[in-house]
Structures are given as structure tokens and as C-alpha cells.
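# Structure at a glance
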Amino acid sequence: MMPNRKKQGLSRRAFCQQGIGWSAAVAFPLVLPTHVLGREGQTAPSETLTMGAVGIGGRGRHVLNTFMKRPDVRVLGVCDVQQSRRLESKACVDQKYGDTACAMYNDMRELFARQDIDFVMIATGNRWHTLASIWAARQGKDIYCEKPVSMTFQEARAVQAAIHHYDVVFQAGTQRRNSDNFQFAVSLAQSGKLGKLTEVHANILWPGTRPEWRPGEPQPPVEVCDWDRWLGPVQWRPYHSAYLRIAGWYRYDDFEGEMPGWASHTLDMCQWAAQKDTEVPVEWFPQFDEKGNQKWDIHARYADGLKLIMRPADWLGLGTCGIRLVGEEGWVETADSRRVEVSHDRLRQGMRVFRVGISEVPHVAEFLDCVRTRRTCTSNIDVTVNSHIACHCSSIAWKLGRHLTFDPTAEKFHDRAADGLLSRAMREPYTLT
């Protein structure tokens, strides 16, 4: 295992900066072109962060484009198990920089091993997020990883341990922590203007998964689609092209459902607002209708009595990923439209018209600043893991359809079946060890 390269002497950027300073002071007055100094709107090479992108489907391409718009980022390599995605992404990168320097990879480990890459973006299928992050951390790479960062409690703790052990910067793609309307709502809760918080509400989708096995089709050549690597840690199944188009959607073995997939945004906001980034609920209560049918809703309780309400409906129409924060003296609700509704006009003080729509731009900007300064990101590994653990526990309670209690110290339920769902087998050789 390679130790964090940033801890071994000078970084590449620091070496360039010190080298220029030494030459100018000791050798002779050094005259450099303006682009080397970063003038005329250009970024000096010594300040450029180099990047590799892993998983470049729809979401991956979107986030990659956000990074490529930055003048201080240079993409050196792209990785995907599908040849068509590799070729398409390389063409976009090469067009951006006006050359053919971008390398293509089928195996992400080859990309991670490059010593000239500062950070990686991971936007693979959900089943790969944990293992890809661990492999990248072992190579000393800073990491921007799309959510969910884990599919089980065990995976969450494993990736957290790796990020701390290798001391790399980590930012989860929970970009709403850097969205001003959510920040305003959180500030109302944390300032005490809502009074003591009694409930936090998180928008969720269907928490379930379903088996979906399709009949086998002829498997394409490895260079066209590496099916073994596409599957990665999940159980083997015959190849079918439909999996590539709807990868993971609601399938149990490579998608954990919309608790970690969707509530990793909204439950994360609730924990932040309630200042519970270091906690998880201790009780979960799946909900049932008057006929005894299980609903999508799940209620939970923190150790101090605060209620967490996870529900799909009865929101104010403010967009996707809604949250509502309820205190003894008022409430606030907001979502992805960036509109904000409050219970009393007095809570509007400081409110403004927030920019419409959700954006990764400020989230990416913060990550890059943290890569340079070695500061801890807003969506760092610890707050991300705690919100994901709350999601995983909620998912387990919903699947079992019964009230569960959880011991946060022992990290176990008082339920053998629930404890059995805290982890699951991973297919060799794609394991956590």
C-alpha cells in the first residue's frame, strides 16, 4: 500500500513554486511568459490541479463538465468499463484542451496509480463507490465521490477508516450543503429562531428494492464492455444490455434503494440542521395505513427525543429533496426550487431570492479549495458516513417492517435479523480486504 504522497516531502506544486523562487533569487532574474505566471486570465501550471474521472455515464459526465469548466483543473485521464463512454469522454476532454493527452482506462486502479494526478472524481454505479474510494485513498488521491458512498453499514465504516488512515481530502456529492437556500433554512434552526427543534422532516422516495434478473445475452468483448468489472462486488449474473442503460435502479444486489440514494441528501440536511452530524437515531418506526399496509414513511427518534420524519408526500411543492425543520416557535421548509416557506413573517429576516435550481459549482469550488489548503470539506467523510448510516438503518427497518432499536455504541440492533443486514457478501476479488 502506498502512503499518502502529499505527506512525503514537497508536493509537485510546492516544488514548482520553491524552484522558481530559488532560481530568481540565486541564479538570475527569471522572465516567464504570462501564462506560466497565471496572468491574462490563465492559471499557472504550478496552481493547476490534475484530475482523473472514474465512471462517466450521465451523472459522471455532468460532474466532469463542472470540473472542466474550472481554469485551475486539468483532466488527465478517464475511466469506464464501457468503451463508448471512454471514447466519448476522451473526445470531450481533448476538445476542451486542444490536444490528445487524455488517457483512457478500463481498470480504475491504473488511473489511481498515476503519480501526476492530484484528485479523482468517482461517479460509478452505486455498488462501486466504497471500493473505488478505498482504492483511490490507498494511492493518496483526494476524492470527490458521488452519493451514496456506501450500500451497507459495513461499507460506510470501511470507507471512513480508509479516508482517515490515508489522510486524504474527501467530499461527497451531497451538494445541498453548499446551496444557499438550504443554508438559510439550517441557519434558522441552529440560531434558535425556530425555538427548540422537535421534528425534522426529510423527503424520501420508495425505500424498497426488487429482484430483476433478465435472460442472458451474448457477452460483448472485454474492450467493449468489461462485464466482470461492471458487476464488481455484487453477485454474478448473465450479461444483458438493459443493465447498462438502467444500471442499478431498484435492484437489491447493486442498488440499496432510495434511502441512501435519495435521503443521503435530505436526511443529511436534517442532521446538519439539528447539529447531529455525529449521531444517528436510536429507534425506527415503519408506518402503516389503516388497513395495515406498510407505507413508504419511516419515523425515527434520536436519543434526546428529537423526531425524524421520513416521508414522500404532503410537501409544499417547493421541488425535489424537500426538508422541513420544526421547532416550538415555528418552522421552515425548502427544496430544490430554492424557494423557502416559513411559518411566520418574522422568520423572513435575512431571506432573499435564492438562485433558481441546484448546482454543483459551489460544492466543487469548496472541494478544490480544500485540496489546496488541506482543510476539511463540508461534506467530509465523517458527516457523510453518519447520515448514510442513518439511511442504512432506516432502510433495514423498512425492509423488516418492524420497530427497531439501535445501540450506537455497540453499533448493533437489538434484533438478530437486522444485524444480519448491516453487511453483505462481496464477490471476489472485489472485496474490502
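Everything here concerns the structure above.
Since this is a predicted model, take the numbers as computed values, not measurements.

Turning our attention to the overall build of the protein. Secondary structure assignment for the protein yields 14 helices and 15 strands. Within the protein, buried positions represent 55% of all 433 residues. Long-range contacts, defined as pairs at least 24 residues apart, comprise 68% of the intrachain contacts of the protein with a sequence gap of at least 6.

With that out of the way, let us pick up the nonpolar core. Counting residues in hydrophobic clusters, the biggest one holds 80 residues, and the most contacted among them are Ile143, Trp284, Met310, Leu325 and Phe413. Tallying contributions element by element places helix H13 (residues 381-400) first for this core, with 9 residues. If we ignore the near neighbours within four places in the chain, the residues touching Phe413 are Trp284, Cys393, Ile396, Leu404, Thr405, Phe406, Ala418, Asp419 and Leu422. Membership of the second largest hydrophobic core comes to 25 residues, among which are Val75, Tyr97, Tyr144 and Phe367.

Counting through the fold element by element, Gln160 comes out in helix H7 (residues 153-166). Setting aside chain neighbours within four positions, we find Gln160 in contact with Ile381, Asp382 and Val385.

Attention now moves to the sheet that holds strand S3 (residues 103-105). An order of S3-S2-S1-S4-S5-S6 is seen for the 6 strands of this open sheet, with the pairing classed as parallel. The sheet is open, and its two borders are formed by S3 and strand S6 (170-172), each paired with just one other strand. Here the average twist between neighbouring strands, direction ignored, is 20°. With 3 bridges joining them, strand S2 (residues 73-79) and S3 adopt parallel strand pairing. Within the sheet, the bridge partner assigned to Gly77 lies in S3 and is Ala103. Contacts from helix H4 (residues 83-97) reach S2 and S3, with the element oriented near 160° to S2.

Reading guide: rules and limits
Residues numbered from 1 in each chain as written. Predicted model: local features only at pLDDT ≥ 70, side-chain atom pairs only at ≥ 80, totals over all residues. Heavy atoms only, no water. Helix = DSSP H or I, 4+ residues; strand = E, 2+ residues; numbered from the N terminus. Buried < 20%, exposed > 50% of the residue type's maximum accessible area, 1.4 Å probe, protein only. Contact = heavy atoms within 4.5 Å. Core = buried A, V, L, I, M, F, W, Y, C linked by side-chain atoms within 4.5 Å. Pairing = 2+ DSSP bridges. Axes fitted to C-alpha atoms, helices over the stretch in contact; angles between N-to-C directions.

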